[in-house]
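The lines below spell out each chain.
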Amino acid sequence: MPTDPPPEEFRLVVDLNRCQSYGQCVYAAPTVFRFHGEEALEYDYAPDPRTRREVERAAAACPVQAILLSGATEPAPLTSEGAQ
């Protein structure tokens, strides 16, 4: 009986200088992202690999593209900064 391979670990970095506390990541992946106080974002930099899809959605939902993942399987959407 075949078994699924264990999920790959991944790393998460949030550029807190870029983050504007819109909170889309908190809604998309509440087990990984949370607010401390009213605007200070906290996050798990090495989240459970089973949350990968949620974290990828959170990264894609970030209006300022402040979330970076290593080993993401879904590309982040293009921003106007990269378009010419």
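Residues numbered from 1 in each chain as written. Predicted model: local features only at pLDDT ≥ 70, side-chain atom pairs only at ≥ 80, totals over all residues. Heavy atoms only, no water.

**Student:** Please set out the overall build of the protein chain residue by residue, giving values where relevant.
**Tutor:** Regarding its fold elements, the protein chain presents 2 helices and 4 strands. Starting at the N terminus, the α and β elements of the protein chain follow one another as β-α-β-β-α-β. Among the 84 residues that make up the protein chain, the fraction classed as buried is 25%. Carbon together with sulfur atoms contributes 51% to the accessible area of the protein chain, which is approximately 6,200 Å² in total. (Helix = DSSP H or I, 4+ residues; strand = E, 2+ residues; numbered from the N terminus. Buried < 20%, exposed > 50% of the residue type's maximum accessible area, 1.4 Å probe, protein only. Areas by Shrake-Rupley, 256 points an atom, 1.4 Å probe, with all protein chains shown as cover.)

**Student:** Talk me through the state of the cysteines; I want residue IDs and the actual numbers.
**Tutor:** Taken as a whole, this structure holds 0 disulfides when the rule is applied. Just so you know, Cys-25 is unpaired, no disulfide at all, and the nearest cysteine sulfur is the one on Cys-19, 6.3 Å from it. Classification of Cys-25 by relative accessible area gives buried; the value is 9%. The thiol sulfur of Cys-62 is not disulfide-bonded, and the nearest other cysteine sulfur, from Cys-19, lies at 6.4 Å. (Disulfide = S-S within 2.5 Å.)

**Student:** Tell me what's going on with helix α2 (residues 52-61), and back it up with residues and numbers.
**Tutor:** Of the positions making up α2, those classed as buried are Arg-52, Val-55, Glu-56, Ala-58 and Ala-59. Viewed end-on, α2 has its buried residues packed into an arc of 160°, placing them on one side of the element. Looking at the packing, one finds that the buried side of α2 touches β1 (11-14), α1 (24-28), β2 (33-36) and β4 (67-70). (Arc of directions from axis to C-beta. Contact = heavy atoms within 4.5 Å.)

**Student:** Can you break down the pattern of salt bridges residue by residue, with the values?
**Tutor:** Overall, the coordinates contain 3 salt bridges when judged by the stated rule. Two residues, Glu-56 and Arg-52, come together in a salt bridge whose shortest N-O distance is 3.3 Å. Within this pair, Glu-56 and its partner Arg-52 are both found in helix α2, separated by 4 residues, close to a single helical turn. On the accessibility criterion, Glu-56 (3% relative accessible area) is buried. (Salt bridge = Lys/Arg side-chain N within 4 Å of Asp/Glu carboxyl O.)

**Student:** Mind laying out the nonpolar core, listing which residues take part and the relevant values?
**Tutor:** Ranked by internal contacts, the top residues of the largest apolar core, which has 15 residues, are Cys-25, Phe-33 and Ile-67. Elements with a contribution of two residues or more to this core: β1, α1 and α2. (Core = buried A, V, L, I, M, F, W, Y, C linked by side-chain atoms within 4.5 Å.)

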